[in-house]
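Chains, contacts and geometry: an overview
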Amino acid sequence: QRQMCIRDSQNGICIPKNYLNKFKISPIGATLVCAEGGSAGRKIAYSLNECCYVNKLVSFQPNSKIIPKFLYYYVLSAEFQFQFRSALHGLIGGVSLSKMKNFNISYPPLAEQQRIVAKLDAAFAEIDTAIESSVDTVDSSRLVLIRLRDELFSPDEDEKPTWSSCKLNDILKLPPKNGKSPPKELQSDEGTPLLKLSAVTGNVFDAKKSIFTKASVDKTAQYWIENGDLLITRANTRNLVGHVAIVNNIREPVMYPDLIMKMRVNEDIVSTKFIHQYLMTSNIRQYIMLNAKGANPTMVKINQLVVKDIPVKIPPISIQKKLLKLIEEIQTEITILQTTKLQKQQALIRLKQVILAQELQSEAA
């Protein structure tokens, strides 16, 4: 689903005035589009304020023939989205500015644009109110899960003597290994499956998030994944780097890219599922974000040493099983709640698309 919003300046960073000349500035009334990564073409915003923007965003600023808000709605339309998806390329997925400049746009006279914008503004405002209620419920349940995970995977005072402290590398059978990313020009509609970064982002493994490569491969190399492997992203934004997922349900050889590391846990010491949950706790997330390096805030990285040195605390196997059972039961209940609310939210978002299509198609007709 496309994420539509009216963008204000409350949730960014403030650039001091004496540094503004080093940044690109998007004016009031511009449409901002994410051009690269898992959110490419899906995160779209209309800006109510002048703002600086990073290199993964594109700022669309119309000429006098098009009302700024109409351009925003057009970017959300099926016509623009089809052109964007057709132009996507690369392992991470993105569309270059040069390609976007050649996209076609359909627009009516200014008076008709004003009528369409007024009607869509009114309809979308009502739908946004209903969506906000659903989002608040889902966000609250996610926060509950984070707090419960932090509590369950931190030993109480009387339990501390039974929990052993070590580094992540001490409980691995296979230490972190980077994958391989074949040249982009060898990507194809068929060939060897290659995971995308998004296959791990979100801490849930999704083999469907992959591409194919025609590159020659070495079947004995270490860049293949197996069910049960633990994967961790080594590059992304600071909030997304270091996401972890357990490989499951793959039935054919699959490669993993250079932006992901593969590990195998020593199951004689600790359950892979336990470590997966442990690496999502707030303390570990803070450790990873603090140790992620890079001049570009939209693509910071962690290296193998950072991952090897992650501090872990391991309880006895019996306690591991008990904690996993509890967290899985909690996750199941929260998933049921989230699914219900998300279904409502997605239905409302689809309603936006229907209204948008009706207005723009009726204008074209």
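The rules behind these values
Residues numbered from 1 in each chain as written. Predicted model: local features only at pLDDT ≥ 70, side-chain atom pairs only at ≥ 80, totals over all residues. Heavy atoms only, no water. Pairing = 2+ DSSP bridges. Helix = DSSP H or I, 4+ residues; strand = E, 2+ residues; numbered from the N terminus. Core = buried A, V, L, I, M, F, W, Y, C linked by side-chain atoms within 4.5 Å. Buried < 20%, exposed > 50% of the residue type's maximum accessible area, 1.4 Å probe, protein only. Contact = heavy atoms within 4.5 Å. Salt bridge = Lys/Arg side-chain N within 4 Å of Asp/Glu carboxyl O. Axes fitted to C-alpha atoms, helices over the stretch in contact; angles between N-to-C directions. Polar contact = N/O pair within 3.5 Å; in protein donor to acceptor, adjacent residues only side chain to side chain. Phe/Tyr/Trp six-rings, centres within 6.5 Å; stacked < 30°, edge-to-face > 60°. Lys NZ or Arg CZ within 6 Å of the ring centre and 35° of its normal.

**Here we look at the sheet that holds strand 10 (residues 192–195)**
Strand order in the open sheet made by the three strands is 9-11-10, with antiparallel pairing throughout. The open sheet has two free edges, formed respectively by strand 9 (187–188) and strand 10, since each of these has just one partner strand. As paired elements, strand 9 and strand 11 (residues 210–213) share two bridges and run antiparallel to each other. Its bridge partner lying in strand 11, Ser188 is registered against Phe212.

**Some details on the nonpolar core**
Generally speaking, a soluble globular protein has its nonpolar side chains buried in company with each other. In terms of nonpolar packing, the biggest core is built from 36 residues, with Leu168, Phe274, Ile275, Ile302 and Ile310 touching the most fellow members. Elements with a minimum of two residues in this core: strand 12 (230–233), strand 14 (244–246), strand 15 (260–265), helix 5 (272–278), helix 6 (282–291), helix 7 (304–308), strand 17 (311–314) and helix 8 (317–364). Top contributing element to this core by residue count: helix 8, with four residues. Ile302 has contacts with Ile232, Thr233, Arg234, Val241, Gly242, Met261, Ile288, Asn291, Ala292 and Val307, leaving out every residue within four places of it along the chain. Ranked by size, the runner-up nonpolar core spans 33 residues in total, among them Ala40, Val75, Leu348 and Ile355.

**Focus on the pattern of salt bridges**
Evaluated as defined, the whole model comprises 10 salt bridges. The shortest N-O distance in the salt bridge between Lys352 and Asp128 comes to 2.5 Å. One end of the pair, Lys352, is in helix 8; the other, Asp128, is in helix 4 (residues 110–152), with 224 residues separating them in the sequence. Its relative accessible area of 4% is what places Lys352 among the buried residues. For Asp309, the salt bridge identified is with Lys167, shortest N-O distance 3.6 Å. Of the two residues, Asp309 is situated in the loop between helix 7 and strand 17 and Lys167 in strand 7 (residues 164–167); the sequence distance between them amounts to 142 residues.

**Some points on the pairing of strand 15**
Most of strand 15 sits out of view: five of its six residues are buried. Note: strand 8 (residues 172–178) against strand 15, four bridges, orientation antiparallel. The residue bridging Asn178 from the neighbouring strand is Met261, located in strand 15. Both strand 12 and strand 15 contribute to a ladder of four bridges, which runs antiparallel. For Leu231, the partnering residue across the bridge sits in strand 15 and is Lys262.

**Points about the environment of Gln83**
The residue Gln83 is located in helix 2 (residues 78–87) in this model. Residue classification places Gln83 among the buried positions, given a relative accessible area of 16%. Put simply, Gln83 and Asn21 are 62 residues apart on the chain and 33 Å apart in space, counted from C-alpha to C-alpha. Those residues in contact with Gln83, other than ones at most four positions away along the chain, are Tyr74, Phe103 and Asn104.

**Considerations on the sheet that holds strand 12**
Spatial strand order, 8-15-12-14: four strands in an open sheet with antiparallel pairing. The open sheet terminates on both sides in strands that have one partner only, identified here as strand 8 and strand 14. Going across the sheet, the axis of each strand differs from the next one's by a mean of 20 degrees, ignoring polarity. Relative to strand 14, strand 12 is paired through three bridges, and the arrangement is antiparallel. Residue pairing in the sheet places Leu231 in a bridge with Ala245 of strand 14.

**Digging into the side chain of Thr31**
As for its position among the elements, Thr31 is in strand 3 (residues 31–34). For Thr31, a relative accessible area of 0% puts it in the buried group. Discounting residues that sit within four places of it in the chain, Thr31 has contacts with Ile44, Ala45, Tyr46, Val58, Ser59, Phe60, Pro68, Leu71, Tyr72 and Val75.

**Description of the side chain of Ser77**
With respect to the helices and strands, the residue Ser77 is situated in the loop between helix 1 (68–76) and helix 2. In this structure the side chain of Ser77 is engaged in a polar contact, spanning 2.5 Å, whose partner is the backbone oxygen of Tyr74. Once residues lying within four places of it in the same chain are set aside, the contact partners of Ser77 are Leu356 and Leu360.

**Examining the environment of Asn296**
Of note, Asn296 is situated in the loop between helix 6 and strand 16 (300–301). We classify Asn296 as partly exposed; its relative accessible area is 29%. Asn296 sits 233 residues away from Asn63 along the chain, and the two C-alpha atoms are 31 Å apart.

**A few points about the packing of aromatic side chains**
What the rule picks out here adds up to 10 aromatic pairs. Taking the centre distance of 5.2 Å and the plane angle of 50 degrees together, the rings of Tyr72 and Tyr73 count as tilted. Each member of the pair, Tyr72 as well as Tyr73, carries the same accessibility label: buried. Geometry around Tyr46 places Lys69 over its ring, the cationic atom sitting 5.1 Å from the centre.

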